[in-house]
Amino acid sequence: MNTIYLVRHGIAEDTNLLRPDSERVLTPEGIAKMHLIGKRLHKMGIKPHLIISSPYKRAVQTADILVEELGYTGERFQDNRITPSARYEAFSALFQEYKSFREIMFVTHDPCVSFLTGQICGATNYNIDFKKGAVACIGIGRQSPPAGTLLWYAPPKILLAE
């Protein structure tokens, strides 16, 4: 069985019509909170075997922080199949390429992450309020197409609690 972690990027700059959405970066608050979230995930024993992020700057920055805080030394990839408008079918193809890794962390965006959580867990009309910095852990029971059970969901409010 695979375990996947779906992570929404940290707090980012507001949308700016003069710059592409893919160029938005994390705010200082977003950076600080993601460091704390990464430390909490480390304390929880989260040890992904692979980290894949969207190529958008805010997702790459979030993945960079998680790599640091988790002490991760394995492979990392960026993939367009988990950008904000990505679809389940694209994610499914991506998962098929890397399903040999037992634990995979995907750093992505909303609405993609909300819909993926619902689709993977068998609730096609389900939409979770996935806050920036939130993490969902899903146990994958069927690999093709990926389907599984939501093991836990932690919004930043929980992950940042003392």
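Since the model is a prediction, treat every value here as computed from it, not as a measurement. (Residues numbered from 1 in each chain as written. Predicted model: local features only at pLDDT ≥ 70, side-chain atom pairs only at ≥ 80, totals over all residues. Heavy atoms only, no water.)

Asker: Honestly, the packing of helix α1 (residues 28-43) against helix α2 (residues 57-70) in this entry has me stumped. Any pointers?
Answerer: Helix-helix packing: each pair is described by the crossing angle between the helix axes and the interaxial distance. Two numbers describe how α1 lies on α2: the axes approach to 8 Å, and their chain directions differ by 40 degrees. In terms of axis orientation, α1 runs oblique to α2. In the packing of α1 onto α2, the handedness of the crossing is right-handed. Contact residues: Ile31, Met34, His35, Gly38, Lys39, Leu41 and His42 in α1; Gln61, Thr62, Ile65, Leu66, Glu68, Glu69 and Leu70 in α2. Grouping the amino acids of the contact of α1 with α2 by side-chain chemistry returns 6 nonpolar, 5 polar and 3 charged. (Axes fitted to C-alpha atoms, helices over the stretch in contact; angles between N-to-C directions. Helix = DSSP H or I, 4+ residues; strand = E, 2+ residues; numbered from the N terminus. Parallel < 35°, antiparallel > 145°, perpendicular 65-115°, else oblique. Left-handed = near helix turned anticlockwise from the far one by under 90°. Contact = heavy atoms within 4.5 Å. Nonpolar A, V, L, I, M, F, W, Y, C, P; charged D, E, K, R; others polar.)

Asker: Would you mind showing me how to read the sheet that holds strand β5 (residues 135-143) here?
Answerer: Across a sheet, strands are paired by hydrogen bonds formed along the backbone, either parallel or antiparallel in direction. Spatially, β3-β2-β4-β1-β5-β6 is the arrangement adopted by the 6 strands of the open sheet, whose pairing is mixed. Looking along the sheet, the strands with just one partner apiece sit at the ends: β3 (76-78) and β6 (146-154). Looking at each pair of strands side by side, their axes are set apart by 20 degrees on average, direction ignored. In the sheet, strand β2 (residues 50-53) pairs with strand β4 (residues 103-108) via 4 bridges, with the strands oriented parallel. Directly across from serine 53, in β4, lies its bridge partner valine 107. In the packing of helix α3 (residues 88-98) onto the sheet, the strands contacted are β1 (2-8), β2, β3, β4, β5 and β6, and the crossing angle to β6 comes to about 95 degrees. (Pairing = 2+ DSSP bridges.)

Asker: Mind showing me how you'd approach the environment of threonine 108 here?
Answerer: As for its placement among the helices and strands, threonine 108 is situated in strand β4. On the basis of relative accessibility, which here comes to 0%, the residue threonine 108 falls in the buried class. Counting along the chain gives 98 residues from threonine 108 to glycine 10, while the straight-line C-alpha distance between them is 9.9 Å. Beyond its immediate chain neighbours, meaning those up to four positions away, threonine 108 contacts Val7, Arg8, His9, Ile82, Thr83 and Val113. (Buried < 20%, exposed > 50% of the residue type's maximum accessible area, 1.4 Å probe, protein only.)

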